[in-house]
There are 2 protein chains.
Amino acid sequence: METVKDILKEGMRVANEDPRRVIHTFKVGLALVLVSSFYYYQPFGPFTDFLGINAMWAVMTVVVVFEFSVGATLGKGLNRGVATLVAGGLGIGAHHLASLSGATVEPILLVMMVFVQAALSTFLRFFPRVKTKFDYAILIFILTFALISLSGFKDEEILDLAESRISTVVIGGFCCVLISIFVCPVWAGQDLHSLLASNFDTLSHFLQDFGDEYFEAREKGDYKVVEKSGRNLERFNSLLDSKGDEEALANFAEWEPPHGKFRFRHPWKQYLAVGALLRQCANRIDALNSYINSDFQIPMDIKMRLEEPLRRMTSESGRSMQEVSISLKKMIKSSSSDIHVFNSQSACKALSNLLKSGILNDVEPLQMVSLMTTASLLIDIVNLTEKISESVHELATAARFKNKMRPTVYSDSGSISGRAAMPIESHEDGHGVTVLNDVDASNNVDNSLGSENSCHHVAIKIVEDGEIHAHTSLLEDMRRNDRLH
Amino acid sequence: METVKDILKEGMRVANEDPRRVIHTFKVGLALVLVSSFYYYQPFGPFTDFLGINAMWAVMTVVVVFEFSVGATLGKGLNRGVATLVAGGLGIGAHHLASLSGATVEPILLVMMVFVQAALSTFLRFFPRVKTKFDYAILIFILTFALISLSGFKDEEILDLAESRISTVVIGGFCCVLISIFVCPVWAGQDLHSLLASNFDTLSHFLQDFGDEYFEAREKGDYKVVEKSGRNLERFNSLLDSKGDEEALANFAEWEPPHGKFRFRHPWKQYLAVGALLRQCANRIDALNSYINSDFQIPMDIKMRLEEPLRRMTSESGRSMQEVSISLKKMIKSSSSDIHVFNSQSACKALSNLLKSGILNDVEPLQMVSLMTTASLLIDIVNLTEKISESVHELATAARFKNKMRPTVYSDSGSISGRAAMPIESHEDGHGVTVLNDVDASNNVDNSLGSENSCHHVAIKIVEDGEIHAHTSLLEDMRRNDRLH
């Protein structure tokens, strides 16, 4: 009784996690029923022959080919269809060739051909590139070739056999593909797109909250903050774990026809590049997270002096990611994230100026470690934000996103995207520029990205001063690890 | 022509990477030929019926079930066999039930049953635990149930059909399993065991070389070291990437019968636990690796004062891993790694005493960061080494490894395992104990592990002093990430 309850509970969880799973089960049932009925009511198939070779292959194709997403179903269907066709042709050829050699030699020749073909094809399955996309095709190839070439039929009969095998596979496959496309379709491409946008949201929320959590935690010293970071961590963990999902979805998406706003040859691979950068950034944020609650030993006054640039770095990085998420969801080209990237970089420069001003000379050596690590992680996050923004621009260009209709700067809308974004004047170096709308701002940003204002250059400068070189290396190292996730 | 050359080159690479792959291709060919011949020469099967349902199912089973390792083949074979049996029984029942209801209602009832069964089974495939081990069984279950219940045969005929389907699946499956077990078997369990031991070797080599690389690099300032670390990194990257492989192998190994030195219910899951700890350790080493070449700015005299404990921590951790690797390969219980764990811990204590002695008070604040990070990474590696050693002891107990025959302390053999290992006297705190052989030493170690000598306690003490708290958090954080790899 307990077990039944547990199974039902797990079933509810699985269904709630993604309700489309329930619909998928009905779609599979429907496809099976359709194919069965097709063979049941066909004029030339009597009732007693219902489980003829024909019906069997069709039912089998439906069960094996029907996958959750359109891309996976199409990929498997094409793999199966093409492999059956090619192996069928070669099998007939082999059979014909062997039949010319006389009754004694024929079986030996046939068996030898099957042996060689199976061994070669099996070896091909070890090739990494073949394995990712065509593993199933090779399996079906071995199978069909063996079945057809080994059959003891005469040449005419074998043509019948091959034809019926191919036609049933095609009918079963079409049934799956049509149902998966036209009945509540699950597009792998759309899923990948949404996953990326939601990952941007996750990072953006954390970065925008970071300033408050970091400085308030140390003012209050309470434990609520710990719990909150705990929840955040869970979201990051799922983000850090998303590599496998993203790769599978991109792989399936490449089989999919144009759908929704996604055209033919949508740059799915670029999603993986952006996703990898996001995971790197999440890794830094994850590390930062632990500093929120461990940083108590830094003197209050030093903390206060660093507060402004630190807050600005995270909140502006966060806003830039929010803008990216919005432009991704709407699939429009937008430069509104650039201005936030620029602001976070100018805050970064302000921070490095502060650090170089000798503000920390009166801090005890060992207390420095935590503060410096926090700072270098944040610098790294700002640099990554710039890279992410560039990477999304590349994606927008490759995917031919529409241009934003018009600047939204004078709108009074409460949404972030409607708000006027402008560079914050940097008091420390006086490099800030005040501009009136997104377009101008982005032009300025483009220029400044190339200039020495770039935070990347700032980081290198610090390294040249020999100050946080080691940490930069640690971070590079973490980045290397990221690639492996 | 170029493409053919490329394919041949890639083929050579794939074959050289694991020559057993070539043998596997021959085994698949052999299985196919055997099954074909069985149906070809069977007394009751005439030539023209060669591609009867029977031969077809057997050939299909061979192609689909034969996998690279014994465990994977057995798992798939059992999945297919049991699912066919159960679904066959239920299918016959469903068919019988429907046939009682009259000619008009029968097809409707049958189709409904197939629909419900397919939908429920498809839903089950979304359960994570079902998906890992029984996904293939459910696929075959849906297939067989549909084929048998939908067949238009009479009850007697259907029994024949079910019987022949089951017998062919069993014959095909047995053929695969027998060939995979008796012809150059590839045991997933043995592979997992070897993979773990080789991962220990990789870490051990790096740790033992670390001292030389770290201190020599800074004496010479040359670039050879960079290249060497580059090569090491590659090995670590493959180690850090081994999670997926390990999980797949452990999953397959659970299907395998006792083989070689592995008994029934060998604790394969424990291999995953040890492997995860090794990856954590590799992560720290990977981070350390970047410090070898970035640490130039630490003053020579301070470096020299820290050299002895730092060298000892890494070399002793490395030796302990070497001992573990040896005892794993020989499958013997050995406590010879404990003494090295103890030595590395006493070096750890010496280091923390040095750090607390104020040796670093004259170091510039920002120069500290790199040194402190190196130190805390090393402390973390020592702590992990202790955990790894414990975890391997658990593995040895659960797997009932044999006890070491006798202490090897007086042997003159040149091999590491034959050398006498003894605790190195710790000059800083005078806690070192000199003992004469492995067995005594391990007793002492066991006691000291529980005492405040334990490096773990040392680390906590440092934290209590408020010195490197933040770094400990960073490391804990990295550890959390490790779990996700």
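Residues numbered from 1 in each chain as written. Chains lettered and ligands numbered in written order. Predicted model: local features only at pLDDT ≥ 70, side-chain atom pairs only at ≥ 80, totals over all residues. Heavy atoms only, no water.

Under an unreviewed UniProt entry, chain A has the name Aluminum-activated malate transporter and belongs to Capsella rubella. In its Subcellular location (unreviewed entry) section, UniProt records this for chain A: "Membrane". The Sequence similarities (unreviewed entry) comment attached to chain A in UniProt states, word for word, "Belongs to the aromatic acid exporter (TC 2.A.85) family." (UniProt positions renumbered as here; feature names shortened; annotations may be inferred.)

Novice: Please provide a residue-by-residue account of the pattern of salt bridges, values included.
Specialist: All names here are of chain A. Considering all chains together, one arrives at 32 salt bridges over all chains under this definition. Residue aspartate 135 pairs with lysine 131 through a salt bridge whose shortest N-O separation is 3.7 Å. Pair noted here: aspartate 135 and lysine 131 are both in helix H6 (residues 128–150), with a separation of four residues, about one helical turn. A single network of salt bridges, built from pairs that share partners, joins Glu10, Arg13, Glu17 and Arg21. (Salt bridge = Lys/Arg side-chain N within 4 Å of Asp/Glu carboxyl O. Helix = DSSP H or I, 4+ residues; strand = E, 2+ residues; numbered from the N terminus.)

Novice: Provide a residue-level description of the side chain of glutamine 270 of chain A, including the pertinent values.
Specialist: Residues and elements named next belong to chain A. Its location among the elements puts glutamine 270 in helix H11 (residues 268–292). Glutamine 270 gets classed as buried once you look at its relative accessible area, which sits at 16%. Residues within four places of glutamine 270 in sequence aside, it is in contact with Ser391, Glu394 and Leu395. (Buried < 20%, exposed > 50% of the residue type's maximum accessible area, 1.4 Å probe, protein only. Contact = heavy atoms within 4.5 Å.)

Novice: With reference to specific residues and values, describe the packing of helix H4 (residues 70–99) of chain A against helix H5 (residues 105–124) of chain A.
Specialist: Each pair of packed helices gets described by two things: the angle between the helix axes and the distance between those axes. Residues and elements named next belong to chain A. Put simply, H4 and H5 touch, their axes get as near as 8 Å, and they point 150° apart. One finds that H4 runs roughly antiparallel with respect to H5. Crossing angle aside, the handedness with which H4 passes H5 is right-handed. Residues Ala94, His95, Ala98 and Ser99 of H4 pack against Glu106, Leu109, Leu110 and Met113 of H5. For the contact of H4 with H5, the per-class residue count stands at five nonpolar, two polar and one charged. (Axes fitted to C-alpha atoms, helices over the stretch in contact; angles between N-to-C directions. Parallel < 35°, antiparallel > 145°, perpendicular 65-115°, else oblique. Left-handed = near helix turned anticlockwise from the far one by under 90°. Nonpolar A, V, L, I, M, F, W, Y, C, P; charged D, E, K, R; others polar.)

Novice: Explain the packing of aromatic side chains residue by residue, including any values.
Specialist: On inspection of all chains with the given rule, the structure shows 16 aromatic pairs over all chains. Ring centres of phenylalanine 115 of chain A and phenylalanine 26 of chain B lie 6.0 Å apart, and the angle between their planes is 45°; on these two criteria the pair is classed as tilted. Remark: phenylalanine 26 of chain B occurs in helix H2 (residues 20–41) and phenylalanine 115 of chain A occurs in helix H5; the pair is interchain, linking two chains. Of the residues examined, phenylalanine 26 of chain B reaches a relative accessible area of 47% and is grouped as partly exposed. Judged by centre distance (6.4 Å) and plane angle (85°), the ring pair of phenylalanine 134 of chain B and tryptophan 255 of chain B falls under edge-to-face. Here phenylalanine 134 of chain B is found in helix H6 (residues 128–150), whereas its partner tryptophan 255 of chain B is found in the loop between helix H10 (243–253) and helix H11 (268–292), with 121 residues between them in sequence. The exposure class assigned to phenylalanine 134 of chain B is partly exposed, which follows from its relative accessible area of 40%. Site record: aromatic cluster; members linked through ring pairs are Phe262, Trp268 and Tyr271 of chain A. Here the guanidinium or amino end of lysine 133 of chain B rests over the ring plane of tryptophan 255 of chain B, the centre of that ring lying 5.1 Å away. (Phe/Tyr/Trp six-rings, centres within 6.5 Å; stacked < 30°, edge-to-face > 60°. Lys NZ or Arg CZ within 6 Å of the ring centre and 35° of its normal.)

Novice: Go over the nonpolar core with me, naming the residues and quoting the values.
Specialist: In this structure, Leu32 of chain A together with Leu32 of chain B are the most contacted members of the largest nonpolar core, which totals 84 residues. With residues up to four places along the chain from it excluded, the contact list for leucine 32 of chain B reads Val114, Ala118 and Ile142 of chain A together with Val59, Val62 and Val63 of chain B. (Core = buried A, V, L, I, M, F, W, Y, C linked by side-chain atoms within 4.5 Å.)

Novice: Please give an account of the domain arrangement of chain A that cites residues and values.
Specialist: All names here are of chain A. Along its sequence, chain A is carved into domain 1 (1–182) and domain 2 (188–217 + 228–403). Between domain 1 and domain 2, the residue contacts involve twelve residues of the former and eight residues of the latter. A combined buried area of about 830 Å² lies between domain 1 and domain 2, and 62% of that area is made up of carbon and sulfur atoms. Taken together, the links from domain 1 to domain 2 amount to two salt bridges. Of the charged contacts in the structure, one is a salt bridge between glutamate 254 and lysine 133, with a shortest N-O distance of 3.1 Å. Where domain 1 packs against domain 2, one counts three residue pairs in polar contact (both at pLDDT 80 or more). The set of elements that each furnish at least two residues to the side of domain 1 that touches domain 2 consists of H4 and H6. Per-element tally for the side of domain 1 that touches domain 2: the top contributor is H4, with seven residues. In the side of domain 1 that touches domain 2, the residues fall into five nonpolar, five polar and two charged. (Domains from an automatic or database assignment. Buried area = accessible area lost by both parts, 1.4 Å probe. Polar contact = N/O pair within 3.5 Å; in protein donor to acceptor, adjacent residues only side chain to side chain.)

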